[in-house]
Amino acid sequence: MFLLFDFTPQTSPYTWQVVDDGVMGGISQGQFSINEAGHGVFQGHVSLENNGGFSSLQYRFTPTNISQFDTVEIKVRGDGNRYQLRLKNKPSDSHSYVYYFETSGEWQIIRIHLESFYPTFRGRRLSIPNFAAEQLGEIGFLVDNKKEQDFRLEIDYIGLK
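The notes below deal with the structure included here. (Residues numbered from 1 in each chain as written. Predicted model: local features only at pLDDT ≥ 70, side-chain atom pairs only at ≥ 80, totals over all residues. Heavy atoms only, no water.)

Notes on the overall build of the protein chain
Thought 1: For the protein chain, the count of helices and strands is zero helices and 13 strands.
Thought 2: Ordered by position from N to C terminus, the α and β elements of the protein chain give β-β-β-β-β-β-β-β-β-β-β-β-β.
Thought 3: A compact globule built from 161 residues would reach a C-alpha radius of gyration of about 15 Å, and the protein chain, at 15 Å, matches this within 12%.
Thought 4: Taken along the three principal axes of its C-alpha coordinates, the protein chain extends 45 × 40 × 25 Å. (Helix = DSSP H or I, 4+ residues; strand = E, 2+ residues; numbered from the N terminus. Rg over C-alpha atoms; globule rule 2.2 N^0.38 Å.)

Describing the nonpolar core
Thought 1: Membership of the largest hydrophobic core comes to 36 residues, with the highest contact counts inside it found for Ile 139, Phe 141 and Ile 158.
Thought 2: Sequence-distant contacts of Phe 141, that is, excluding residues within four places in its chain, are made with Phe 42, Ser 55, Ser 56, Leu 57, Ile 74, Gln 84, Leu 85, Arg 86, Phe 101, Leu 153, Ile 155 and Ile 158. (Core = buried A, V, L, I, M, F, W, Y, C linked by side-chain atoms within 4.5 Å. Buried < 20%, exposed > 50% of the residue type's maximum accessible area, 1.4 Å probe, protein only. Contact = heavy atoms within 4.5 Å.)

Observations concerning the packing of aromatic side chains
Thought 1: Taken as a whole and assessed by the stated rule, the structure comprises 14 aromatic pairs.
Thought 2: Here the aromatic rings of Phe 7 and Trp 16 are separated by 5.6 Å at their centres, their planes lie at 35°, and the arrangement is tilted.
Thought 3: By relative accessible area, Phe 7 is classed as buried at 4%.
Thought 4: Here a set of aromatic residues connected by ring pairs shows up, and it is made of Phe 5, Phe 7, Trp 16, Phe 32, Tyr 59 and Phe 61.
Thought 5: In this structure, Arg 82 packs its charged tip against the face of Tyr 100, placed 3.7 Å from the ring centre.
Thought 6: For the cation-ring pair, Arg 125 lies above Tyr 118, with the distance from its terminal atom to the ring centre recorded as 4.1 Å. (Phe/Tyr/Trp six-rings, centres within 6.5 Å; stacked < 30°, edge-to-face > 60°. Lys NZ or Arg CZ within 6 Å of the ring centre and 35° of its normal.)

A short note on the side chain of His 95
Thought 1: In this structure, His 95 sits in the loop between strand S7 (82–88) and strand S8 (96–102).
Thought 2: A relative accessible area of 17% places His 95 in the buried class.
Thought 3: Here the side chain of His 95 touches Tyr 97 through a polar contact of 3.3 Å, side chain to side chain. (Polar contact = N/O pair within 3.5 Å; in protein donor to acceptor, adjacent residues only side chain to side chain.)

Structural notes on the pattern of salt bridges
Thought 1: Under the defined criterion, the tally for this structure stands at seven salt bridges.
Thought 2: Note that Glu 73 is salt-bridged to Arg 111, the shortest N-O span being 2.8 Å. In this pair, Glu 73 is assigned in strand S6 (residues 71–77) and Arg 111 in strand S9 (residues 107–113), connecting sequence segments 38 residues apart.
Thought 3: The class of Arg 111 is exposed, set by a relative accessible area of 52%.
Thought 4: Where Glu 73 meets Lys 161, a salt bridge forms, and the shortest distance between an N and an O atom there is 3.2 Å. Residue Glu 73 is located in strand S6, and its partner Lys 161 is located in the segment after strand S13 (149–160); the two are separated by 88 residues in the primary sequence.
Thought 5: Since its relative accessible area comes to 2%, Glu 73 is described here as buried.
Thought 6: With a relative accessible area of 40%, Lys 161 lands in the partly exposed category.
Thought 7: The network of salt bridges with common partners includes Glu 73, Arg 111 and Lys 161. (Salt bridge = Lys/Arg side-chain N within 4 Å of Asp/Glu carboxyl O.)

The following block contains the structure:
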């Protein structure tokens, strides 16, 4: 497996960026930290006020050729909520490729074929092909369950197979 990100106690949380619905006037609040076990922790509160309703976490990097891989693997422990894993070919792309996954409250290893990620822009599905798995320049998580809620997603690693 090729590790895109393996969290450790020494990982700087500042390599990841939280983007909330405040960019659209909302008041949701997400935050990211590294816990004592060395896992990334994305947590906060999603509010529907002011046309809000999402919080996201992004990691941007120089676009990398990933044509030899066909699957993304994540190890996460969620809170029972549904989350979205998001990919971009390059950070400057306006659209993302997304895949929803459910969490159970326990540690889970989730494997997703890269071709299963479909294109969206501002929550709307686009009529262009699914993720081509040629290059990757951004990965992230988003919570947008169309309800007011607290959330917590613990991340151990993100890799490609």
